[in-house]
Amino acid sequence: MKIHFCCTDFKAEPWIAALRAALPQAEIEVWTPGAPPGDYAVVWAPPQAFLDEQPQLKAVFNLGAGVDALTQLKLPLDARLVRLDDAGMSVQMAEYVVHALIRHFREFDGYEADVAQGKWSFRKPRLREDFPVGIMGLGVLGQRVARAVQAFEFPVVGWSRSPKQVPGVRCYAGAGQWPDFLAETRVLVCLLPLTDETRGILNRDSLSRLRPGAYLINVARGAHLVEEDLIPLLDAGQLAGATLDVFRQEPLPAGHPFWRHPKITITPHTAARTLRDESVAQIAAKIARLERGESIAGIVDPSKGY
Ligand code: NDP
Ligand code: OXD
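Residues numbered from 1 in each chain as written. Chains lettered and ligands numbered in written order. Predicted model: local features only at pLDDT ≥ 70, side-chain atom pairs only at ≥ 80, totals over all residues. Heavy atoms only, no water.

1. Structural notes on the sheet that holds strand β3 (residues 40-44)
As a reminder of what qualifies: A strand pair is defined by DSSP finding two or more bridges across the two strands. What counts as a helix is a DSSP run of H or I of at least four residues, what counts as a strand is a run of E of at least two, and both are numbered from the N terminus. Fitting a line to C-alpha atoms yields each axis, with helices limited to the stretch in contact; the angle taken between N-to-C directions then spans 0 to 180 degrees. Any two residues having at least one pair of non-hydrogen atoms within 4.5 Å are treated as being in contact.
In spatial order, the strands read β2-β1-β3-β4-β5; together these five strands make up an open sheet with parallel pairing. Each edge of the open sheet is held by one strand with a lone partner, namely β2 (27-30) and β5 (80-82). Along the sheet, successive strands turn relative to each other by an average axial angle of 20 degrees, direction set aside. Where strand β1 (residues 2-7) and β2 come together, four bridges link them in parallel fashion. Of the residues in β2, the one forming a bridge with His 4 is Glu 29. Sheet contacts for helix α1 (residues 12-22): β1, β2 and β3; angle to β2, the most-contacted strand, approximately 170 degrees.

Here it is, written out as structure tokens:
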């Protein structure tokens, strides 16, 4: 069995070593143009040239949960596209979102600023009932985040494509229930995949429908947000602030207004990192199942794009 590794932004050697250890019967190499045909590929944002040269691939394993970089490419006709299914990401996402939520709710930025000026000051306690958290996307990550937020006793609402029942979460689904979901939400968390339907979904219209003084946490993809719409909403006070982990262009260009806006907290696409051991174990187990003719979880549905 031959496996090609074709991942931009990943240091190849440790991944190749881990994959070889987990799949000792396989030949695993970093792809170079003109390489012989492989059975499987492990990829992150590969060039189209790689997929064009490897039409016989049985499955393409994405080293991440979001497959938007791949759905824009032409994939080999018979290859299944497989996403990472949690693989240690959901608990990271939960801690990131809870951190951003609590930092905003408890006004820790304000305390930090006061302390920096030597001020011993108190803020009036806020009621968590006034801060319902709305989670866009109730998939692997969204449901884990919902559980974490519930542990701190915030009301939680969720929105997905198909109707869902998640314990303790008031669930909305589809375009018809989108306005109701927004109207109930004070802290909006985006955990949608990036598809034609969700691109630009965080915009002036949708963000204006949130409860006044709402807070945005975007941890999905930068292109979900119409970036030009955010700052006017913050400056007008319709939004109280935003924590953004993802951006239309990454790295965020020098001089972009998000770097310095006082109501925006940014991080460099690090909310939930791909963990090597967990990812390799998951991919190796899935290859073994496919080789035995068994089904696997995490296959992307091309008609939905995630
Ligand atoms: P899943 O595929 O498991 O879940 C996606 C959820 O979004 C599902 O509930 C789905 O609905 C819902 N959804 C999809 N399209 C629509 C739509 N048009 N309208 C309403 N709901 C919709 O994905 P994950 O939870 O694993 O990951 C979510 C995203 O998080 C990834 O695609 C990626 O972009 C991002 N991510 C970001 C990371 C970071 O570090 N910042 C790390 C990892 C992922 P339904 O249940 O009905 O299918
Ligand atoms: C992912 C990501 O999709 O890291 O896994 O953003």
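Continuing now.
2. A short note on the site of ligand 2
The condition that has to hold: Residues are counted as near a molecule or strand when any one of their heavy atoms sits within 4 Å of it. Under the rule applied, a polar contact is a pair of N or O atoms within 3.5 Å (in protein, one hydrogen donor and one hydrogen acceptor; residues adjacent in sequence only if both atoms are side-chain atoms). In this description, accessible areas are obtained by the Shrake-Rupley approach with a 1.4 Å probe, and a residue is regarded as covered only by the protein chains that are shown. Note that Gly is not counted as nonpolar here; it falls among the polar residues with everything else outside the nonpolar set of Ala, Val, Leu, Ile, Met, Phe, Trp, Tyr, Cys and Pro and the charged set of Asp, Glu, Lys and Arg.
Around ligand 2, the surrounding shell consists of Gly 64, Ala 65, Gly 66, Met 89, Arg 221, His 269 and Ala 272. Here Arg 221 contributes a side-chain N or O atom positioned 2.8 Å from an oxygen atom of ligand 2. Isolated, ligand 2 exposes 210 Å² of accessible area, and the fraction of that covered by the protein chains is 86%. Here the residues of the shell around ligand 2 are counted per class, giving three nonpolar, three polar and one charged.

3. Here we look at the packing of α1 against helix α10 (residues 276-291)
For clarity, the cut-off: Roughly parallel means an angle under 35 degrees; roughly antiparallel means over 145; roughly perpendicular covers 65 to 115; every other angle is labelled oblique. Here a crossing is taken to be left-handed if its near helix is turned anticlockwise relative to the far helix by less than a right angle, and right-handed if that turn runs clockwise.
The interhelical angle for the contact between α1 and α10, taken along N-to-C directions, is 45 degrees, at an axis separation of 10 Å. Between α1 and α10, the crossing angle belongs to the class labelled oblique. Read as a crossing pair, α1 and α10 show a hand that is right-handed. Of the residues in α10, those touching α1 at Pro 14, Trp 15, Ala 18, Leu 19 and Ala 22 are Arg 276, Ser 279, Val 280 and Ala 284. Classifying every residue of the contact of α1 with α10 gives seven nonpolar, one polar and one charged.

4. Regarding the site of ligand 1
If you check the shell around ligand 1, you find 30 residues, and the closest are Arg 83, Leu 141, Ser 162, Lys 164 and Tyr 306. Contact between ligand 1 and Val 140: an oxygen atom at 3.0 Å from a main-chain N or O atom of the residue. About the coverage of ligand 1: the protein hides 93% of its 940 Å² of free accessible area. By residue number, the principal contributor to the shell around ligand 1 is helix α6 (residues 140-151), which donates three residues. Broken down by class, the residue content of the shell around ligand 1 amounts to 16 nonpolar, eight polar and six charged.

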